[in-house]
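For reference, the chains in residue letters:
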2 protein chains.
Amino acid sequence: MNPGAQHPDDPASQPLRSDAERNRERIIAAARRVFARDGLNASMASVAREAGVGIATIFRRFPTKEELVAAVFADRMDSYADAVAVALDDPDPWHGFVGYIETACAMQAADYGFADVLTMTFPTAKAMEERRNEAYEGMVELIDRAKATGRLREDFDPSDLVLIHMANAGVINATGDAAPDAWRRVVALMIQSFEAPARGPLPASPEHAALYKAMLRASPAGPAAAEPDRSN
Amino acid sequence: MNPGAQHPDDPASQPLRSDAERNRERIIAAARRVFARDGLNASMASVAREAGVGIATIFRRFPTKEELVAAVFADRMDSYADAVAVALDDPDPWHGFVGYIETACAMQAADYGFADVLTMTFPTAKAMEERRNEAYEGMVELIDRAKATGRLREDFDPSDLVLIHMANAGVINATGDAAPDAWRRVVALMIQSFEAPARGPLPASPEHAALYKAMLRASPAGPAAAEPDRSN
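Participant: Where do I start with the nonpolar core in this structure?
Facilitator: Judged by nonpolar contacts, the single largest core of 144 residues is most densely connected at Val 47, Ala 167, Val 171 and Val 186 of chain A together with Val 47, Val 171 and Val 186 of chain B. Once you skip the residues sitting within four places of it in the chain, Val 186 of chain A turns out to touch Ala 167, Asn 168 and Val 171 of chain A together with Leu 163 and Ala 167 of chain B.

Written out as structure tokens, the structure is:
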């Protein structure tokens, strides 16, 4: 029995609060499975199918895909922010820095959806973006400390972390279950390339505003426009 | 006028050979634009819309998306194989090796569709796979020569080239037009990580068979099953 699907378009029909809550949890659990399997490009329609509810029910609970994404990944974003805190606690900043990259990239490999979340930004998902900003501030601090030890190249830029997550997502998406550890080799190579002394100059980092735009562009707010008709 | 669209389901209606040829060219040109813009996950239906023909017409000319992909990217695969030949002609194998990576990655950046082609394999597209194998043989030779000069790390594996193309595709897909040069920084970092002496050991390369499976898995032969109904 599914109260939301029973009365999909009748706002006067108010299911019991506990039913509403159960429905919400059911949608989040289904979305978690679908995003983990298919990535964030999965449609709201496929989440509805997985949850066994009508698509109208999903859109009533989560008017945008961004809100659904934020609900699904709230706990992972917490773990991600925790990983930064752990790294900051490491008495060896370079060791903490490397450990953080390995942990965050492993979180991407464990979940195709989260692999994308780390390369996107979701302006309307305030709580999630606050956690991300908190993590970002911590990373900037960690990078400064790692540079001070002389182990991290001087021209390393915080935006390089976003780029490594984009690269890692590419490897993870392309190798999938067929070669599930391939990303480890790429990440190890990237980490070695971060080590001081630098072996040569690098092309400039993308402008902050440009990278932010890219992270917006990749977010599901865009593709949502191409969603199937919401009315069924 | 479009003979294919006029008689979409009537095999007795044989358009003139030149019409058939024009239709084929029109579909290839449309697919080139759609793949360049949206990547290989673009549906046959969106290629049909771009070409202004019925989807049945496309499937009559190209029974599988793999065949359409091969037709669209035949010339790019030729350029890719040529880039290997140029690298082999370089009297400095390390310089040739670096130049090849930069050229191939720039080809990915110039075309989202080709970015994916370099991380996939299309077993039924014989001519294309022959070109790719030819390029691969050349690369193995180039890698051996670059190692012999002492500039390329000894544990570099030919499969690392596939991994860098997967990583690069991830950066290109995520940054797009917003930060169109971001990939250059990632590729420069990767190249520095390839330089001898190695800064540390690496996780093992994926098994050849596993990586091959991944390249198959990522190919449009899979997603084609999820294509919209062919009958419209």
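Participant: Can you help me understand the relation of the copies chain A and chain B in this one?
Facilitator: One chain copy maps onto the other through a rotation about an axis and a shift parallel to that axis. When chain A is fitted onto chain B, the two copies agree to an RMSD of 0.0 Å after a turn of 180° and an axial shift of 0.0 Å. Interpreted geometrically, this transformation is the action of a two-fold axis. Looking at the interface residues of chain A, 100% of them are also at the interface in chain B, so both copies use one shared face.

Participant: Is there a simple way to think about the interface of chain A and chain B in this case?
Facilitator: One frequently used descriptor of interface size is the decrease in accessible area upon assembly of the parts. Across the boundary between the two partners, chain A contributes 36 residues, which contact 36 residues of chain B. Going through the elements one at a time, helix H9 (159-175), helix H10 (182-194) and helix H11 (208-217) of chain A are the ones with two or more residues in the side of chain A that touches chain B. Of the residues that constitute the side of chain A that touches chain B, the class distribution is 20 nonpolar, nine polar and seven charged.

Participant: Would you mind going over unusual backbone geometry with me for this structure?
Facilitator: Trans is the prevailing form of peptide bonds, just as negative phi is the prevailing case for residues other than glycine. Look at the link from Ala 196 of chain A to Pro 197 of chain A: it is a cis peptide, with omega at 0°. Mapping Pro 197 of chain A onto the fold places it in the loop between H10 and H11.

Participant: In this structure, what is going on with the confidence of the model for chain A? I would like to understand it.
Facilitator: Where the model shows low pLDDT, its predicted coordinates should not be examined in detail. All names here are of chain A. Confidence in the prediction for chain A averages 86 pLDDT; 86% of positions are at 70 or higher. H10 holds the highest mean pLDDT among the elements of chain A, 98, whereas helix H1 (residues 3-6) holds the lowest, 42. Below a pLDDT of 50 lies the segment residues 1-12, which in the model reaches 17 contacts outside its immediate sequence neighbourhood of four places, other chains included. The low-confidence segment residues 221-232, where pLDDT is below 50, has 14 contacts with residues more than four positions distant or belonging to other chains. Overall fold confidence for the complex sits at a pTM of 0.84, while the interface term, ipTM, reaches 0.83.

Participant: Can you walk me through the packing of helix H5 (residues 65-89) of chain B against helix H8 (residues 126-148) of chain B in this structure?
Facilitator: What describes two packed helices is the angle between their axes and the distance between those same axes. All names here are of chain B. Remark: H5 packs on H8, axes separated minimally by 9 Å, with the N-to-C direction vectors making an angle of 20°. When the interaxial angle is binned, H5 and H8 end up roughly parallel. Note on packing geometry: the crossing formed by H5 with H8 is left-handed. Facing Ala 70, Phe 73, Ala 74, Met 77, Asp 78, Tyr 80, Ala 81, Val 84, Ala 85, Ala 87 and Leu 88 of H5, the residues of H8 in contact are Ala 127, Met 128, Arg 131, Arg 132, Glu 134, Ala 135, Gly 138, Met 139, Glu 141 and Leu 142. Residues of the contact of H5 with H8, tallied by class, amount to 15 nonpolar, one polar and five charged.

About the criteria used
- Residues numbered from 1 in each chain as written.
- Chains lettered and ligands numbered in written order.
- Predicted model: local features only at pLDDT ≥ 70, side-chain atom pairs only at ≥ 80, totals over all residues.
- Core = buried A, V, L, I, M, F, W, Y, C linked by C-beta atoms within 7 Å.
- Buried ≥ 20, exposed ≤ 12 C-beta atoms within 10 Å, placed from the backbone.
- Contact = placed C-beta atoms within 7 Å.
- Least-squares fit on C-alpha atoms with pLDDT ≥ 70 in both.
- Helix = DSSP H or I, 4+ residues; strand = E, 2+ residues; numbered from the N terminus.
- Nonpolar A, V, L, I, M, F, W, Y, C, P; charged D, E, K, R; others polar.
- pLDDT = per-residue confidence, 0-100.
- Axes fitted to C-alpha atoms, helices over the stretch in contact; angles between N-to-C directions.
- Parallel < 35°, antiparallel > 145°, perpendicular 65-115°, else oblique.
- Left-handed = near helix turned anticlockwise from the far one by under 90°.

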